[in-house]
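# Architecture and fold: a report
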Amino acid sequence: MTTSLSLAAQQEPRTAEVRRDTAETRITVRLNLDGTGRSQLATGIGFFDHMLDQIARHGMIDLEVEAQGDLHIDGHHTVEDVGITIGQAVKQAVGDKKGITRYGHSYVPLDEALSRVVIDFSGRPGLVTDVAFTSGMIGTFDTQLLHEFFQGFVNHAFVTLHIDNLKGVNAHHQAETIFKAFGRALRMALERDPRAAGQIPSTKGSL
């Protein structure tokens, strides 16, 4: 009976909805970690929407993001706060982490660019990035904000994340390989392991 209940619990969709309102931004995120890669995105920054779509498609996450921010200043607050809100939503949807794989990694190429992303749902926020963009802007997206997005995410999802752009000449390709690899690493880490149903993947017994 216990096994049946554990398996049934693992089949329940992992969903969350989080709203974050500040003096600088108003953001709503809805997600389903067990989705089909569907996305509905409106941040006001076209390239950023394109990158969030990569997370959804390659992570097989249904993702909705509605963001209104002070873009008349720049994109910093919007991008960072979207990262924070997605991180909060992922943490809420994952729950106690029982039965998840925990670790995920991916290498993704795009023409001359190649990136590696490794993630651990460790319960400890940590970000290490090694990315030397060849351009400061991609459309209206400031490439410095990639780090701010992922910093916001890890601080609120409570994960350890390593991002390395190993090669790349075109900044668009560099960024796209990072977001695609992140989506695929996220999917791997959140995959339910049938052999570990009901178990927290840590010798400490908690994450």
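Check the entry above for the structure.
The structure reproduced in this document is the subject of the present report.

Thresholds, definitions, all that
- Residues numbered from 1 in each chain as written.
- Predicted model: local features only at pLDDT ≥ 70, side-chain atom pairs only at ≥ 80, totals over all residues.
- Heavy atoms only, no water.
- Helix = DSSP H or I, 4+ residues; strand = E, 2+ residues; numbered from the N terminus.
- Rg over C-alpha atoms; globule rule 2.2 N^0.38 Å.
- Buried < 20%, exposed > 50% of the residue type's maximum accessible area, 1.4 Å probe, protein only.
- Contact = heavy atoms within 4.5 Å.
- Areas by Shrake-Rupley, 256 points an atom, 1.4 Å probe, with all protein chains shown as cover.
- Polar contact = N/O pair within 3.5 Å; in protein donor to acceptor, adjacent residues only side chain to side chain.
- Core = buried A, V, L, I, M, F, W, Y, C linked by side-chain atoms within 4.5 Å.
- 1 Å grid on protein atoms, 1.4 Å probe; cavity = no way out; pocket = protein on both sides within 12 Å on 5 of 7 lines; lining within 4 Å.
- Points joined across faces, edges and corners; volume = space filled by probe spheres on them.
- Nonpolar A, V, L, I, M, F, W, Y, C, P; charged D, E, K, R; others polar.
- Pairing = 2+ DSSP bridges.
- Right-handed = clockwise from strand over helix to strand, strands pointing away.
- Axes fitted to C-alpha atoms, helices over the stretch in contact; angles between N-to-C directions.

### Description of the overall build of the chain
Along the backbone of the chain there are five helices and ten strands. For 207 residues, the compact-globule estimate of 2.2 N^0.38 gives 17 Å, and the C-alpha radius of gyration of the chain, at 17 Å, lies within 12% of that figure. C-alpha atoms of the chain, sized along the principal axes, occupy 55 × 40 × 30 Å. Classification of the 207 residues of the chain by burial places 47% in the buried group. Relative to all contacts within the chain whose residues are 6 or more apart in sequence, the contacts with residues 24 or more apart total 77%. Split by element, the accessible area of the chain, about 9800 Å² in all, is 49% carbon and sulfur.

### What about the side chain of His-77?
With respect to the helices, strands and loops of the structure, His-77 is situated in helix H3 (residues 76-94). Reaching out from His-77, the side chain makes a polar contact with the side chain of Glu-24 at a distance of 3.4 Å. Setting aside chain neighbours within four positions, we find His-77 in contact with Glu-24, Thr-25 and Asp-70.

### Observations regarding unusual backbone geometry
Positive phi values are uncommon outside glycine, yet Lys-97 reaches one of about 70°. You can see Lys-97 is positioned in the loop between H3 and strand E5 (103-110). In this model, Arg-102 sits at a positive phi of 85°, which is unusual for a non-glycine residue. Positionally, Arg-102 belongs in the loop between H3 and E5. A relative accessible area of 7% means that Arg-102 is categorised as buried.

### Quick notes on the environment of Ala-181
Structurally, the position occupied by Ala-181 is in helix H5 (residues 171-190). Sequence separation between Ala-181 and Pro-194 is 13 residues; the distance between their C-alpha atoms is 24 Å. Leaving out residues up to four positions away in the same chain, Ala-181 has contacts with Ser-106, Val-108, Ser-115 and Val-117.

### Comments concerning the nonpolar core
Among the nonpolar cores identified, the biggest contains 52 residues, and Leu-31, Ile-119, Phe-121, Phe-149, Phe-150 and Phe-153 are the most heavily contacted of them. Per-element accounting of this core gives the leading share, ten residues, to H5. Residues contacting Leu-31, with those up to four places away along its chain left out, are Arg-14, Thr-15, Ala-16, Ile-61, Asp-62, Leu-63, Ile-86, Ala-89, Val-90 and Ala-93.

### Digging into the layout of surface pockets
Empty space within the second largest pocket amounts to approximately 150 Å³. Considered class by class, the residues forming the lining of the second largest pocket number four nonpolar, two polar and five charged.

### Quick notes on the pairing of strand E3 (residues 39-42)
Strand direction decides the pairing type here: E3 and strand E4 (residues 62-69), joined by four bridges, are parallel. When the sheet's bridge partners are listed, Ala-42 is paired in E4 with Glu-66. Between E3 and its parallel partner E4, the chain crosses via helix H2 (residues 46-59), and the hand of that crossover is left-handed.

### Comments concerning the sheet that holds strand E1 (residues 15-21)
The strand order E1-E2-E4-E3 describes an open sheet built from four strands, whose pairing is mixed. Each having just a single partner strand, E1 and E3 make up the two edges of the open sheet. When strand polarity is set aside, the average angle formed by the axes of neighbouring strands in this sheet is 5°. Relative to the sheet, H2 contacts E3 and E4, its axis offset from that of E3 by approximately 160°. Running over the sheet, H3 touches E1, strand E2 (25-32) and E4 and is turned about 35° from E2.

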